[in-house]
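Listed here are the chains, written in short residue letters.
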Amino acid sequence: MTNILCPFKIGNGYDVHAIESGRKMYLGGILVNEDMGFIAHSDGDVAIHALCDALLGALALGDIGKHFPDTSDTWAGVDSKLLLSKVVSLIEGKGWGIGNVDISIALQKPKIGKYVDMMRQCLAEIMHIEQSCVSIKASTNEKLGFVGRCEGCQVWASALIYHKN
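The rules behind these values
Residues numbered from 1 in each chain as written. Predicted model: local features only at pLDDT ≥ 70, side-chain atom pairs only at ≥ 80, totals over all residues. Heavy atoms only, no water. Salt bridge = Lys/Arg side-chain N within 4 Å of Asp/Glu carboxyl O. Buried < 20%, exposed > 50% of the residue type's maximum accessible area, 1.4 Å probe, protein only. Pairing = 2+ DSSP bridges. Helix = DSSP H or I, 4+ residues; strand = E, 2+ residues; numbered from the N terminus. Axes fitted to C-alpha atoms, helices over the stretch in contact; angles between N-to-C directions. Contact = heavy atoms within 4.5 Å. Core = buried A, V, L, I, M, F, W, Y, C linked by side-chain atoms within 4.5 Å.

(A) The arrangement of the pattern of salt bridges in detail. By the definition in use, this model includes 5 salt bridges. Ionic pairing is found between Glu20 and Arg23, a salt bridge with its closest N-O pair at 2.7 Å. By relative accessible area, Glu20 is classed as partly exposed at 34%. According to the relative accessible area criterion, Arg23 is partly exposed, its value standing at 30%. Among the salt bridges present, the one from Asp79 reaches Lys81, with a minimum N-O distance of 3.1 Å. Look at Asp79 and you get partly exposed, because its relative accessible area is 36%. Looking at Lys81, the relative accessible area reads 26%, which means it is partly exposed.

Written out as structure tokens, the structure reads:
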């Protein structure tokens, strides 16, 4: 079998975190709520975690837990923007660039529509791409399931990367 390098690769990521009172909520690198946040080892930015998994998955490099285990004190309370920055450096170090990303956030409340452009800009800067290459969509769960009961948040992310020749 010959080893032919694909010029493009796609990865998908998914993450979920429970919500708890008395924590800050970060999504897409932006503080969106100071009274209810995600239960997590890091700052709990579920959008960045799903995005990291999508980028790592595109190169079959495992998942965020492999690179930043929640059993390590090194990553306790860490700003997830740092995790994304490290993943981007890994991708770029292997000769790949990020083409575009698409993120879907399911969260009943708080409503986050007013933060979407700030999230897009924040993530674009970290990934060294134009804001127009970052799509973020926010949706409620129409009060269904654990998301609808405001118990947690789900995020799906897709990423297209390209080989820099």
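Having put the structure on the table, let's press on.
(B) Molecular detail of the sheet that holds strand β1 (residues 8–21). In spatial order, the strands read β4-β1-β7-β5-β6; together these 5 strands make up an open sheet with mixed pairing. Looking at strand neighbours, the two that pair on one side only are β4 (36–38) and β6 (134–139), the edges of this open sheet. Here the strands of the sheet are splayed against their neighbours by 25 degrees on average, with no regard to which way each runs. The pairing of β1 with β4 spans 3 bridges and is antiparallel. Pairing of Ser21 across the sheet is with Met36, part of β4. Across the sheet, helix α1 (residues 46–58) is in contact with β1, β4, β5 (96–106) and β7 (152–163); its angle to β1 comes to roughly 155 degrees. Packed onto the sheet, helix α4 (residues 116–127) meets β5 and β6 and runs at close to 145 degrees relative to β6.

(C) Quick peek at the nonpolar core. By size, the foremost hydrophobic cluster in this structure holds 50 residues, and its most contacted members are Leu27, Leu55, Leu84, Ile105 and Met127. Listed by contribution, the elements that provide at least two residues to this core are β2 (25–27), β3 (30–33), α1, α3 (80–93), β5, α4, β6 and β7. The biggest single contributor to this core is α1, with 10 residues. If near-sequence neighbours (up to four positions away) are discounted, Leu55 is found in contact with Leu84, Val87, Ile91, Ile98, Met127, Ala159 and Ile161.

(D) Here's a closer look at the pairing of β7. With 11 bridges connecting them, β1 and β7 associate as antiparallel partners. Looking at the pairing, His17 lines up with Cys153 of β7. Looking at chain direction, β5 and β7 are connected through 10 bridges and run antiparallel. In the strand pairing of β7, Ile98 is matched with Ile161.

(E) Fine view of the environment of Phe8. Secondary-structure assignment places Phe8 in strand β1. Considering only alpha carbons, one finds Phe8 and Leu160, 152 residues apart in sequence, at a separation of 6.9 Å. Setting aside chain neighbours within four positions, we find Phe8 in contact with Trp96, Leu160, Ile161 and Tyr162.

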